[in-house]
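# Summary of structural features
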Amino acid sequence: MRRDLRIHDHPGLHRALAEHERVVPVFVLDDALVHGRFPSATRTAFLLECLRELDRGLGERGGGLVVRTGRPEKVLVELARETGARAVHLASDVSPYARARDRRVREALHGAGVECVHVPGNFVADIGKLTSPEGRPFTVFSPFHRAWGEAQRRPVHRAPPSLAPLESGLDRGALPTLESLGHERELQVLEREPGESAGRAAMDAWIRDGVDHYDRRADRLAHGGSRLSAYLHFGCISARELEGRVARRQSAAAASFRRQLCWRDFYAHVLLHHPANAREEFRAKLRDLAWDDDDERLAAWQEGRTGYPLVDAGMRHLRARGWMPNRARLVVGSFLTKDLHLDWRLGEAHFMRYLIDGDEASNNGNWQWIAGVGVDPQPAYRRLYNPARHQERFDPDGEYVRRWVPELHAVPDHRLAEPWTMTADEQQATRCTVGRDYPAPIVDHLAERRESLERYRVAAEAD
């Protein structure tokens, strides 16, 4: 078990049960997972609770979860010897780390005489097999979307009604605490309850009450979107099952939501075929784009005190709940890279610290997308967003901003997107003095827009 922490529609579990009399579900707590390139107390806390829920679900069917700590290539060989296992079934993944880990695991198992069986499971389609008519991987979304829509889907598997019990002498291990793993709890309240049961309940509610309104509500900051991303990231729900159930709705809104699931597959496809994207821009010409080095501005962005209410609301939401609506992610990403001229990798790392759904492929793909340096390119001005205009459009009644920036609670709607335009009398009446109770804007958006477009022009025209 890896990023497939569920019992329903689990291809690896399904195949193992079909081919073997005895199956031992195992999760390996690898130090590189907990303290690797993008360590996250938020995600680790969510993971531990998902594993507890998975163990309960397996136990209700007669089985249980084995937890081991160490390097997977060593731990799995030891467990295979201990149990007499002939095969290890695991779901493939796409990040450079995951692929290197899988090579080590495969070689170690082969050396021990144990079969290593790779199965799909993390994505809707078999993203490794999708190619252009010329046989090349995709780097533009629209043709990928067409091929994805036509691609054959694997069957959706039911949850097994029962499992054979684990042998009484088998050391099942124990889940550690967050603190024993060297993390301090950063969030007291999570945006979503962890685990498969909560994930399936949220998926059922979304399909029943939400998906047919998706095209009208997707970008609403206060109540838009499915909020299923954390469950998809950890595999508490199956992307394939979700897509199949949504497809049966046959509405324009359902088609819009399926398109978002396709974006998730697309970014995984891109990282699979272009692993260097994990650390550098896909567009080689923009690798020399000029970035500033300004710790004060970076800290203001991270802490939600830029003076732009939508940016600040999104960043405070992230630090408080480990999540942020997609529209807010785009706006704060544009602000970091186009208004503050700070490297997109700083934003990528900050998101990966706090996001419960922090997924290397999707996070990297979206940051390169909004910075204009990745696949599916557009002119720089197309992804250069005015925070005030986006706030007026996607939070017209100010519900989202007022929740996360309470010092602006009494500011009237027509001033809320640009509170610095309030007169002195208005600031006194609302008890919000700009520069004292709420920050003045740290930059001038229009001036920085011109500066940003010039930087992109220079980089694109360089020899």
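Residues numbered from 1 in each chain as written. Predicted model: local features only at pLDDT ≥ 70, side-chain atom pairs only at ≥ 80, totals over all residues. Heavy atoms only, no water.

## Description of the overall build of the protein
Along its length, the protein carries 21 helices and four strands. In terms of overall dimensions, the protein is globule-like: its C-alpha atoms have a radius of gyration of 24 Å, near the 23 Å expected for 463 residues. Projected onto the principal axes, the alpha-carbon positions of the protein cover approximately 75 × 50 × 45 Å. When the 463 residues of the protein are sorted by exposure, 55% land in the buried category. Put simply, of all contacts in the protein between residues at least 6 apart along the chain, 79% involve residues at least 24 apart. Counting only carbon and sulfur atoms, one obtains 47% of the accessible surface of the protein, whose full area is about 21,000 Å². (Helix = DSSP H or I, 4+ residues; strand = E, 2+ residues; numbered from the N terminus. Rg over C-alpha atoms; globule rule 2.2 N^0.38 Å. Buried < 20%, exposed > 50% of the residue type's maximum accessible area, 1.4 Å probe, protein only. Contact = heavy atoms within 4.5 Å. Areas by Shrake-Rupley, 256 points an atom, 1.4 Å probe, with all protein chains shown as cover.)

## Observations concerning the packing of helix 6 (residues 141-150) against helix 11 (residues 252-273)
How two helices sit against one another is set out by the angle between their axes and by the gap between those axes. In contact at an axis separation of 10 Å, helix 6 and helix 11 are set at 110° when each is read in the N-to-C sense. Judged by the angle between their axes, helix 6 and helix 11 are roughly perpendicular. Residues Phe141, Ser142, Phe144, His145 and Trp148 of helix 6 form the contact with helix 11, whose own contacting residues are Arg258, Arg259, Leu261, Cys262, Trp263, Asp265, Phe266 and His269. Class assignment of the residues belonging to the contact of helix 6 with helix 11 gives a composition of seven nonpolar, three polar and three charged. (Axes fitted to C-alpha atoms, helices over the stretch in contact; angles between N-to-C directions. Parallel < 35°, antiparallel > 145°, perpendicular 65-115°, else oblique. Nonpolar A, V, L, I, M, F, W, Y, C, P; charged D, E, K, R; others polar.)

## Focus on the pattern of salt bridges
Inspection of the entire model under this criterion finds 43 salt bridges. Note that glutamate 243 is salt-bridged to arginine 258, the shortest N-O span being 2.6 Å. With a gap of 15 residues between them, glutamate 243 in helix 10 (residues 239-247) and arginine 258 in helix 11 connect regions that are remote in the sequence. Through salt bridges with shared partners, a single ionic network connects Arg153, Arg240, Glu243 and Arg258. (Salt bridge = Lys/Arg side-chain N within 4 Å of Asp/Glu carboxyl O.)

## Section: empty space enclosed by the protein
What the rule picks out here adds up to three cavities of 30 Å³ or more. Looking at the largest cavity, its volume works out to about 70 Å³. In this structure, the largest cavity is lined by Tyr267, Val270, Leu271, Asn277, Ala361, Asn364, Gly365, Gln368, Gly374 and Val375. For the lining of the largest cavity, the secondary-structure elements that each account for two or more residues are helix 11 and helix 16 (360-371). (1 Å grid on protein atoms, 1.4 Å probe; cavity = no way out; pocket = protein on both sides within 12 Å on 5 of 7 lines; lining within 4 Å. Points joined across faces, edges and corners; volume = space filled by probe spheres on them.)

## Observations regarding the layout of surface pockets
Here the second largest pocket defines a volume of roughly 1,200 Å³. Lining the second largest pocket are 43 residues, with Tyr214, Gln260, Trp263, Asn326 and Asn366 positioned closest to its centre. Broken down by element, the residue count for the lining of the second largest pocket peaks at eight residues, all from helix 11. Looking at the lining of the second largest pocket, its residues break down into 19 nonpolar, 14 polar and 10 charged.

## A short note on the pairing of strand 4 (residues 115-119)
Across five bridges, the pairing between strand 3 (residues 87-91) and strand 4 is parallel. When the bridges of strand 4 are listed, alanine 91 appears paired with valine 119. In terms of handedness, the path from strand 3 via helix 5 (residues 96-111) over to strand 4 forms a crossover that is right-handed. (Pairing = 2+ DSSP bridges. Right-handed = clockwise from strand over helix to strand, strands pointing away.)

## Thoughts on helix 3 (residues 41-60)
Counting along an α-helix, one turn takes 3.6 residues, and residues three or four places apart therefore face a common direction. Relative to the 28 Å expected for 20 residues at 1.5 Å per residue, helix 3 spans 29 Å between its end C-alpha atoms, a close match to the ideal helical length. Across the 20 residues of helix 3, 14 count as buried, placing the element largely inside the fold. Glycine 62 sits one or two residues past helix 3 and shows a positive phi near 100°. (Expected span 1.5 Å × (residues − 1).)

## Quick look at the side chain of aspartate 357
With respect to the helices, strands and loops of the structure, aspartate 357 is situated in the loop between helix 15 (344-354) and helix 16. A polar side-chain atom of aspartate 357 sits 2.5 Å from a polar atom in the side chain of serine 229. (Polar contact = N/O pair within 3.5 Å; in protein donor to acceptor, adjacent residues only side chain to side chain.)

## Things to note about the packing of helix 13 (residues 309-321) against helix 17 (residues 387-394)
The geometry of helix 13 relative to helix 17 is characterised by a closest axis approach of 8 Å and an angle of 75° between their N-to-C directions. Compared by their axis directions, helix 13 and helix 17 come out roughly perpendicular. Between helix 13 and helix 17, the contacting residues are Pro309, Leu310 and Val311 on the first element and Pro387, His390 and Gln391 on the second. The residue inventory of the contact of helix 13 with helix 17, partitioned by class, reads four nonpolar, two polar and no charged.

## Section: the state of the cysteines
In total, this model carries zero disulfides according to the counting rule given. Just so you know, cysteine 236 is unpaired, no disulfide at all, and the nearest cysteine sulfur is the one on cysteine 50, 3.5 Å from it. Classification of cysteine 236 by relative accessible area gives buried; the value is 1%. (Disulfide = S-S within 2.5 Å.)

## Comments concerning the packing of aromatic side chains
Here the structure, examined in full by the defined rule, presents 17 aromatic pairs. For the pair phenylalanine 351 and tryptophan 367, a centre-to-centre distance of 5.1 Å together with 70° between the ring planes defines the contact as edge-to-face. With phenylalanine 351 in helix 15 and tryptophan 367 in helix 16, this pair connects stretches of sequence that are 16 residues apart. Each member of the pair, phenylalanine 351 together with tryptophan 367, is buried. An aromatic cluster is present here, built from Phe138, Phe141, Phe144, Trp263, Phe266 and Tyr267 joined pairwise through their rings. For the cation-ring pair, arginine 153 lies above tryptophan 148, with the distance from its terminal atom to the ring centre recorded as 4.6 Å. (Phe/Tyr/Trp six-rings, centres within 6.5 Å; stacked < 30°, edge-to-face > 60°. Lys NZ or Arg CZ within 6 Å of the ring centre and 35° of its normal.)

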